[in-house]
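Topology and contacts: notes
Spelled out, the chains give:
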Amino acid sequence: MNATSPATTPESAPGRVVLLTTSHRVAPGLLSWPAWQALHAADRVLCADGAHPQLPYLREAGIAVEEASPSAEELVDACAGGHTVVVVATGEGEPALTDGLARLAGTGRVRMPELELLPASYDLPGARLLDLVQVMDRIRAECPWSSLQTHKGLAKYGIEEAYELVEAIEEGDRDELREELGDVLLQVVFHARIAEEHPEEPFSIDDVAGAIVTKLVHRHPHVFGDETATTPEEVKAHWLRTKAVEKRRTSITEGIPLGQPALALAAKLASRVRTAALDVPLPRIEGIGYDLLTLAIRAEAEGVDPEAALRAAARAYRDAVRAAEGVQGN
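Residues numbered from 1 in each chain as written. Predicted model: local features only at pLDDT ≥ 70, side-chain atom pairs only at ≥ 80, totals over all residues. Heavy atoms only, no water.

**Regarding the packing of helix H3 (residues 72-79) against helix H4 (residues 95-107)**
Rules: Angles shown run from 0 to 180 degrees and are taken between the N-to-C directions of axes, each axis being a line fitted to C-alpha atoms and, for helices, limited to the stretch in contact. A run of H or I in DSSP counts as a helix once it spans at least four residues, and a run of E counts as a strand once it spans at least two, with each numbered from the N terminus. Oblique is the label for any angle not under 35 degrees, not over 145, and not in the 65 to 115 range, which are roughly parallel, roughly antiparallel and roughly perpendicular in turn. When checking whether two residues touch, look at their non-hydrogen atoms; a contact exists if any pair is within 4.5 Å. Gly falls in the polar group here, along with every residue not listed as nonpolar (Ala, Val, Leu, Ile, Met, Phe, Trp, Tyr, Cys, Pro) or charged (Asp, Glu, Lys, Arg).
The interhelical angle for the contact between H3 and H4, taken along N-to-C directions, is 75°, at an axis separation of 8 Å. On the basis of their axis angle, the class for H3 and H4 is roughly perpendicular. Contacts between H3 and H4 pair Ala-72, Glu-73, Leu-75 and Val-76 from the former with Leu-97, Gly-100, Leu-101 and Leu-104 from the latter. Of the residues contributing to the contact of H3 with H4, the split by class is 6 nonpolar, 1 polar and 1 charged.

**Considering helix H11 (residues 262-275)**
Counted only if it meets this: Take the number of residues in a helix, subtract one, and multiply by 1.5 Å to get its expected span.
The terminal C-alpha atoms of H11 lie 20 Å apart, and with 14 residues this matches the ideal 20 Å at 1.5 Å per residue to within 8%. One or two steps after H11, the chain reaches Ala-277, where phi turns positive at roughly 55°.

**So, the pairing of strand S1 (residues 16-21)**
Convention followed: Note: two strands are recorded as paired if DSSP finds a minimum of 2 bridges between them.
The sheet contact formed by S1 and strand S4 (residues 84-88) spans 5 bridges and is parallel. From the neighbouring strand, Arg-16 faces S4, where its bridge partner is Thr-84. Of the pairings in the sheet, the one linking S1 to strand S5 (residues 114-119) comprises 6 bridges and is parallel in character. By the bridge assignment for S5, Val-18 is matched with Glu-116.

**Remarks on the pattern of salt bridges**
Here is the rule: Any Lys or Arg side-chain nitrogen found within 4 Å of a carboxyl oxygen on Asp or Glu counts as a salt bridge. With a 1.4 Å probe rolled over the protein chains alone, any residue whose accessible area is under 20% of its type maximum counts as buried; one over 50% counts as exposed, and the rest are partly exposed.
Following the criterion strictly, the structure yields 18 salt bridges and no others. Salt-bridge contacts for Arg-59 lead to Glu-67; the nearest nitrogen and oxygen are separated by 3.4 Å. The residue Glu-142 makes a salt bridge to Arg-138 at a minimum N-O spacing of 3.2 Å. One end of the pair, Glu-142, and the other, Arg-138, are both in helix H5 (residues 128-142), 4 residues apart, so they sit about a helical turn from each other. Residue class for Glu-142 comes out exposed when judged on its relative accessible area of 54%. Salt bridges sharing common partners tie together Glu-170, Glu-171, Glu-307, Arg-311 and Arg-315.

**A short note on the packing of aromatic side chains**
The cut-off we apply is this: The aromatic pairing rule takes the rings of Phe, Tyr and Trp, using the six-membered ring of Trp, and pairs them if the centres are within 6.5 Å, calling planes under 30 degrees apart stacked, those over 60 edge-to-face and the rest tilted. For a Lys NZ or an Arg CZ to count as sitting over a ring, it must be within 6 Å of the ring centre and within 35 degrees of the ring normal.
Evaluated as defined, the whole model comprises 1 aromatic pair. Of note, Arg-219 hangs over the ring of Trp-239, and the distance from its end group to the ring centre comes to 4.8 Å.

**Looking at a positive patch on the surface**
Where we set the bar: Residues form patches when they are more than 30% accessible in relative terms and have no salt bridge. Like charges link within 9 Å. Nonpolar side chains (Val, Leu, Ile, Met, Phe, Trp, Tyr) link within 5 Å. Residue burial considers only the protein chains on display, and all accessible areas are found by Shrake-Rupley using a 1.4 Å probe. Here Asp and Glu are counted as negative and Lys and Arg as positive; His is not counted, and neither are the chain ends. To locate a charge, the coordinates of NZ of Lys, CZ of Arg, CG of Asp or CD of Glu are taken.
Together, Lys-215, Lys-236, Lys-247, Arg-249 and Lys-268 make up a positively charged patch on the protein surface. Its location among the elements puts Lys-215 in helix H8 (residues 205-218). Exposure remark for Lys-215: the relative accessible area of 32% places this residue in the partly exposed category.

**Some words on the side chain of Arg-219**
In this fold, Arg-219 is placed in the loop between H8 and helix H9 (221-224). Take Arg-219: its relative accessible area is 3%, and that puts it in the buried class. Discounting residues that sit within four places of it in the chain, Arg-219 has contacts with Trp-239, Thr-242, Lys-243, Glu-246 and Lys-247.

Read these as layout, nothing more, since geometry by itself doesn't imply function.
Structure follows, in structure tokens:
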């Protein structure tokens, strides 16, 4: 009796399908080493899209790519005899083909080839930001409303989205937090896209990102340089020193936006005064404003955000109002 059963002879071996996926956010041709190995070792390489961005680079590397879109049955037949077929995926990874293979396997009547999903290039963290930039480019060019917007016209939305983000944080709603972070990010990308069109001083989202990267590296010498910091207080001291050198301010009050909410403004002023170890007496002004200023300074000294504290109290008051309305309505 032959020790090799008919099911394991080379002629009847089911073979192998390798579904090769790539990311459009990575430059074509920058494939992983396992991907190149699979391509060079394959008996056939198929791709349904003749305009696939990877094809010129594969052919330049000596890979013979057939422009074909086989059915599941045809692909199984192509693998017969132990052959390996690599399918260079298009779009979302050839769902029609993989669904067809799954249905064929489910019949139980066909000996299926081994199926391997091989990512040939991966998205790095932050890769979807490239999609956002591309979408914003198209919206700016084609949307009648977005194409007319200016920095000044969008300013109010930036404030609104920031408040909605704070509310999501304070409410502890993770889904809402993710959405509001996206809305804030949109404001940044939108403003950067508008800035590209300035006739004299244009800048792009890359300039924005590059500037903040430079600032973060410079202000974290304990991470990127030779200095050391083991406590949050030392980190803050590093930050303030480098910021002071950068800004070259003549007063600790410089750079504090006066248009922010009054409690936040008072707390920020108090923080600057305390950090600078200045003894600044409170202005002798009677009235509610003076009382609020005193409370804001006290809150900052105790490590309490007066804006957040007042919002929490206001929400509790809102709930009490609703409860009272319910009682009185009965």
